[in-house]
Every structure is written in C-alpha cells, then in structure tokens.
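# Tertiary structure, described
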Amino acid sequence: MDQSLHDFFRKEALDKVRHAMANQHLDALIVSDYSVIRWLTGFSGSTGKLLISPDRCVLFTDFRYREQVALEVRMAETVITTDGYAGELVSGSYSLSGVTGIQSDTMSWDEALRLCGKLDGQTTAVPVASFFDDLRMVKNSVELMHMQRAAAISEQVLELVLPMIRPDVTEIDIAAEISYQHKKLGAERDSFDPIVASGPRGAMPHAKPSAAHFRSGELIVIDTGCVYEGYASDQTRTVALGRVSPEARGIYRIVSEAQQFGFDSARCGMSAAELDTLVRDFIAGYGYADAFGHSLGHGVGVDVHEEPRISSKSSRILQENMVFTIEPGIYLPGRFGVRIEDTVVLLPDGAHSFQRFTKQLVEL
C-alpha cells in the first residue's frame, strides 16, 4: 500500500474534523479515543492523547512508544512526555485559548476534572460526545480495502476450524483456534472475543465459549472477526454437527431468507430504522417476532461496533460507502439459535457483502 494514499485520506479526515470543530465553535479538541487517534494518525499504541487545533495536530505519548510513533505517525507532531500530557499542555508550548473540547464519552470523570483544573485560566473546557460518529461512517477506498482483507482472513479461519469440530472438542477449543489462526494469517488480533455457542447455548446471542463438548444433531453459532491494518471484520455463520431436526432446518431457512431480504432491500437514502423494520417484519410474519430481540446490524470500521446502528431507534440515513452488518437471528431459549451475519458496503446498486462463505446450512 502506497503510504501517500494513507496520508491523503488522513489529511482529508483531519480537514473534516477541523470543519466540524469550527461548526461547534471549538478552538481546540483533546482526543482520548484510541480508535479515533489511530484513524487520524495511524498510531496503534495504547497510551496517548491527540490535540487538534486549526493549525496543529499533536500526539502526546510516553517513552514506551518513542520508536513506534516514529514508524507509524506521519500526519501529526509527536511529543514524548515524561510527566503526562496534561502537564505538557499547560507548558506554554501550545496556544490554548478560547474553547477546548474534551471527549466526555471516552475520558473518565476523574481524569476530566484533573485536566480541567490544569487548563483553568488558559481555556474554557467543554464536554463533547459522539463528535466523530458522522465523520467516520462513510468509508474511503483504503478503508474498504483493509476491511475486505480482514473479512477474507476471518473466512479463511472459518474454513480451517470447521473440520476440527467433533464430539471430543469443546467450544473453548474452537474459540482459541480462531484467535490463533487470525494472527497466524496476518491479523493484528480478534476484533472481539469469538463466540462459539452450540445447542441450547446458541440461543444466547453473545454467549461466551464454554467447556461444553459439541454434540451430534446440534446447531453451532460461530461469530468471529479480526483486525487488519486497524480495521475490523465481523461475520457469523450457523453450522450443524450431523443432521439436525426439520424444525431447526426450517428456522435456518427463515433466517437465511430474512438476511437475503435485507440485502435486497438496502439502498442509499433509506433510513436505518426502515431497513431494520423490513427484516423484523419478515421474521414476524413467520411467528418469531419475540425470538429476534436485537437490532439488525451495526456499523463496522476502526471499531467493530460503530455508527450507523441498523436499529428501529436509529435516525441515520444510509449513504454510499457506509459499512454495516446485516445479522438477523432467531433464538429459542433452552433449545437452539440461528444467526447469519455479513458485513456489507452500501453502493448505488445496493448492499455488497465482504463475505463469500456459503449461506447454505453446512452439515459437518
């Protein structure tokens, strides 16, 4: 990947941030969200703050990341602090005046109080929340490329682990193998802890893998994702160990058709709430309204869960190059669950999936 292309899009993103700051009458902004810091600068460390003003972009971190920032960061000044970023901010090296925004949704109340105490007299600190949500929803070509690669890695992993599922293997065994194979195939890490839930545990949408052994005749929900070059993937497939009941196969067919209906219905200009309602009503038409209790999907990007939320409560209007999941499910407590999830990019002709793995019920 040509580094200049990364730089171009990061500069474009920073310009949008500064424009949004001007609209909100902010003279400076202190960024504490590591996902945003990586989105704007490329820095992947776990300690740092970013100061953005009309004419400067400064990343503060400590000695542990001195060499890392030299390798990763090109679009910001870097300052290695010895006594924390707050002391550096009030050192007189930065023209803080007017109004400075602080990310109230990612900075603790205690840290915010201490920071405001140090800034008192230099600038007026104000809380800002969800500041970057709108700015990150529409993806550029580099972001889409990284997300496609992340999805491809997770699909390779799924193909590797499915043959390992048998009665003498546990959910934890497969979850651990997923994490290992993600890194082995080039991912930085999982984008979330893998979900591997068999039989009745599949009725828990966010079940944690257990020491339960797989049993023949049961459905298995496998929800995985990884991070590649800072961008996440997310996908779910439900498979069967051996032959499952006609009822389970029927539920699988409904969920599969509901997801395809979501694909066919998604279009630029519709609301996220409308898309959620269409698929929800499709499932309700089969009598399973109460068995589909979560939203239809969520945005994916630097964070695996971000805007736009594909929910009946969302006011977002879907736009070209937004990336989000379509993941209907039916969950029958104490019995089994089915979920099928793809991450899609919305283009003028509709939703295009990053995933290629079959939607047919795989019987192992």
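Every chain begins its residue count from 1, and numbering advances along the sequence as written. A pLDDT threshold of at least 70 governs which residues receive local features in this predicted model, and a stricter bar of 80 or more applies before side-chain atom pairs are shown or counted, although totals over entire chains, interfaces and linings include all residues. Side-chain measures were taken over the full set of non-hydrogen atoms in the model, leaving aside hydrogen atoms and water.

Turning our eyes to something else, we now look at the sheet that holds strand S5 (residues 99–103). Whether two strands pair depends on DSSP finding at least two bridges between them. Note on conventions: DSSP H or I runs of at least 4 residues are helices, E runs of at least 2 residues are strands, and numbering of each starts at the N terminus. Pairing in this open sheet of six strands is mixed, and the strands run S4-S3-S2-S1-S5-S6 from one edge to the other. A single partner strand is all that each edge strand has here, and the edge strands are strand S4 (77–80) and strand S6 (124–128). If you compare each strand with its neighbour and ignore which way they point, the axes differ by 25° on average. Relative to S6, S5 is paired through five bridges, and the arrangement is parallel. Counted as the bridge partner of Thr-100 is Ala-125 from S6. Throughout, a contact is declared for two residues whenever any of their heavy atoms are within 4.5 Å. Throughout, an axis means a line fitted to C-alpha atoms (over the contacting stretch in the case of helices), and angles, computed between N-to-C directions, take values from 0 to 180 degrees. Packing of helix H2 (residues 34–41) onto the sheet brings it into contact with strand S1 (28–31), strand S2 (49–52) and strand S3 (57–61), and relative to S2 it is tilted by some 60°.

Attention shifts here to the sheet that holds strand S8 (residues 195–198). Strand order in the open sheet formed by three strands is S8-S9-S12, with antiparallel pairing between adjacent strands. Since the sheet does not close on itself, it has two edges, and those belong to S8 and strand S12 (235–241), each with one partner. Within the sheet, the average angular offset between the axes of one strand and its neighbour, ignoring direction, is 15°. Here four bridges tie S8 to strand S9 (residues 218–224), and the two strands are oriented antiparallel to one another. For Ser-198, the partnering residue across the bridge sits in S9 and is Ile-220. In the packing of helix H7 (residues 141–161) onto the sheet, the strands contacted are S9 and S12, and the crossing angle to S12 comes to about 10°. Along the sheet face, helix H8 (residues 171–184) touches S8 and S9 and points at about 155° away from the line of S8.

All right, on to the nonpolar core then. We define a nonpolar core as any set of buried Ala, Val, Leu, Ile, Met, Phe, Trp, Tyr and Cys residues linked to one another through side-chain atoms lying within 4.5 Å. When a residue's accessible area, from a 1.4 Å probe over protein chains only, is under 20% of the maximum for its type it is buried; when over 50% it is exposed; and in between it is partly exposed. Formed by 37 residues in total, the largest nonpolar core has its most connected members in Val-17, Trp-39, Phe-131 and Phe-132. When contributions to this core are tallied by element, the ones reaching two or more residues are helix H1 (3–23), S1, H2, S2, S3, H7 and strand S11 (231–232). Top contributing element to this core by residue count: H1, with five residues. Setting aside anything within four residues of it in sequence, one finds Val-17 in contact with Leu-29, Trp-39, Leu-40, Ile-52, Phe-131, Phe-132 and Leu-135.

Turning our eyes to something else, we now look at the layout of surface pockets. One number sums up the size of the largest pocket: a volume of about 360 Å³. In this structure, the largest pocket is lined by 22 residues; those nearest its centre are Ile-195, His-206, Asp-223, His-305 and Glu-327. Side-chain classes follow a simple rule in which Ala, Val, Leu, Ile, Met, Phe, Trp, Tyr, Cys and Pro form the nonpolar group, Asp, Glu, Lys and Arg form the charged group, and the remainder, Gly included, forms the polar group. Residue composition of the lining of the largest pocket, grouped by class: seven nonpolar, seven polar and eight charged. A 1.4 Å probe that fits but cannot get out identifies a cavity on a 1 Å grid over protein atoms alone, an open set with protein on both sides within 12 Å along at least five of seven lines counts as a pocket, and a residue lines either if it has an atom within 4 Å of a point. Grid points are joined across faces, edges and corners, and a volume is the space filled by probe spheres set on the points.

Moving on, we get to the packing of aromatic side chains. Working definition: rings of Phe, Tyr and Trp (its six-membered ring) pair if their centres are within 6.5 Å, and the pair is stacked with planes under 30 degrees apart, edge-to-face with planes over 60 apart, and tilted otherwise. Per the counting criterion, the structure on display carries seven aromatic pairs. Between Phe-43 and Tyr-65, the ring centres sit 5.5 Å apart and the planes meet at 90°, which makes this aromatic pair edge-to-face. With Phe-43 in the loop between H2 and S2 and Tyr-65 in the loop between S3 and helix H3 (66–72), this pair connects stretches of sequence that are 22 residues apart. Tyr-65 carries the same exposure label as Phe-43, and that label is buried. Seen in terms of ring centroids, Phe-131 and Phe-132 are 5.0 Å apart; in terms of plane orientation they differ by 75°. Their pairing is edge-to-face. For the residue pair Phe-131 and Phe-132, the accessibility class agrees, reading buried in each case. Among the aromatic residues, those joined into a cluster by ring pairs are Trp-39, Phe-131 and Phe-132. Across from the ring centre of Phe-292, 4.2 Å away, lies the NZ or CZ of Arg-280, which sits over that ring. Charge-over-ring placement is defined geometrically: NZ (Lys) or CZ (Arg) within 6 Å of the ring centre, and within 35 degrees of the ring normal. The lysine or arginine in question, Lys-359, covers the ring of Phe-263, its NZ or CZ lying 4.7 Å from the ring centre.

Another aspect to go through is the environment of Gly-293. For Gly-293, the position within the fold is in the loop between helix H10 (272–284) and strand S13 (297–299). As for Gly-293 and Leu-346, which are separated by 53 residues in sequence, their C-alpha atoms are 24 Å apart.

With respect to the helices and strands, Glu-327 occurs in the loop between strand S15 (323–326) and strand S16 (329–332). The class for Glu-327 is buried, based on a relative accessible area of 8%. What qualifies as a polar contact is a pair of N or O atoms within 3.5 Å, subject to a donor-acceptor requirement within protein and to the restriction that residues adjacent in sequence count only when both atoms come from side chains. Within the structure, the side chain of Glu-327 is placed 2.8 Å from the side chain of Thr-325, a separation counted as a polar contact. Not counting chain neighbours up to four residues away, the residues in contact with Glu-327 comprise Phe-292, His-294, Leu-296, Gly-297, His-298, Arg-339, Ile-340 and Glu-341.

In short, geometric facts, not functional conclusions.
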